[in-house]
Amino acid sequence: MAIADKLGETSYAAGGVIFEQGKRAESFYLIYEGTVRITRRQDRKEVQLARLVKDDYFGEMGLIQR
């Protein structure tokens, strides 16, 4: 079976949460369109760690740690 057969496309609403701090990613995410903010709660504040754009990816550690 080809890897492409295992891929799926999911859309998320602006401002929506893909997964939360402290929880493991269930998937590997490729950004096809739009942006993703990576944030962390620290001292009751939300701190932006990164801003990912088209062709970036995240969640790879969830695949490795399975």
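Residues numbered from 1 in each chain as written. Predicted model: local features only at pLDDT ≥ 70, side-chain atom pairs only at ≥ 80, totals over all residues. Heavy atoms only, no water.

Focus on the environment of arginine 40
Right, on to step 1. Here arginine 40 is to be found in strand β2 (residues 36-42).
Right, on to step 2. The partly exposed category is assigned to arginine 40, whose relative accessible area is 39%.
Right, on to step 3. It is 15 Å that separates the C-alpha atoms of arginine 40 and glycine 16, two residues lying 24 residues apart in sequence.
Right, on to step 4. With sequence-adjacent residues up to four places away left out, arginine 40 is seen in contact with Gln21, Lys45, Glu46, Val47 and Leu49. (Helix = DSSP H or I, 4+ residues; strand = E, 2+ residues; numbered from the N terminus. Buried < 20%, exposed > 50% of the residue type's maximum accessible area, 1.4 Å probe, protein only. Contact = heavy atoms within 4.5 Å.)

Some words on unusual backbone geometry
Right, on to step 1. In this structure, arginine 44 is a non-glycine residue whose phi angle is positive, near 65°.
Right, on to step 2. Among the structural elements, arginine 44 can be located in the loop between β2 and β3 (45-52).
Right, on to step 3. Taking the relative accessible area as the measure of exposure, arginine 44 reaches 82% and is therefore exposed.
Right, on to step 4. Residue aspartate 55 is not a glycine yet carries a positive backbone phi of 80°.

Side note on a nonpolar patch on the surface
Right, on to step 1. Where nonpolar side chains cluster on the molecular surface, the patch consists of Phe28, Leu30, Tyr57, Met61, Leu63 and Ile64 and spans about 630 Å² of accessible area.
Right, on to step 2. When residues in the nonpolar patch are grouped by element, the largest group, three residues, is from helix α1 (residues 60-64).
Right, on to step 3. Following the sequence through the fold, tyrosine 57 ends up in strand β4 (residues 57-58).
Right, on to step 4. Taking the relative accessible area as the measure of exposure, tyrosine 57 reaches 48% and is therefore partly exposed. (Patch = residues over 30% accessible without salt bridge, like charges linked within 9 Å, V, L, I, M, F, W, Y side chains within 5 Å. Areas by Shrake-Rupley, 256 points an atom, 1.4 Å probe, with all protein chains shown as cover. Salt bridge = Lys/Arg side-chain N within 4 Å of Asp/Glu carboxyl O.)

Some words on the pattern of salt bridges
Right, on to step 1. Within the structure shown, the criterion is met by two salt bridges.
Right, on to step 2. Across the pair glutamate 20 and lysine 23 runs a salt bridge, and its minimum N-O distance is 3.7 Å.
Right, on to step 3. Residue classification places lysine 23 among the exposed positions, given a relative accessible area of 55%.
Right, on to step 4. Here glutamate 46 makes a salt bridge to arginine 37, at a shortest N to O gap of 2.7 Å.

With respect to the pairing of β3
Right, on to step 1. Pairing of β2 with β3, which is carried by seven bridges, proceeds in the antiparallel orientation. Counterpart to threonine 39 in the pairing with β3 is glutamine 48.
Right, on to step 2. Between the antiparallel neighbours β2 and β3 lie two residues, among them aspartate 43 with a positive phi of about 50°. (Pairing = 2+ DSSP bridges.)

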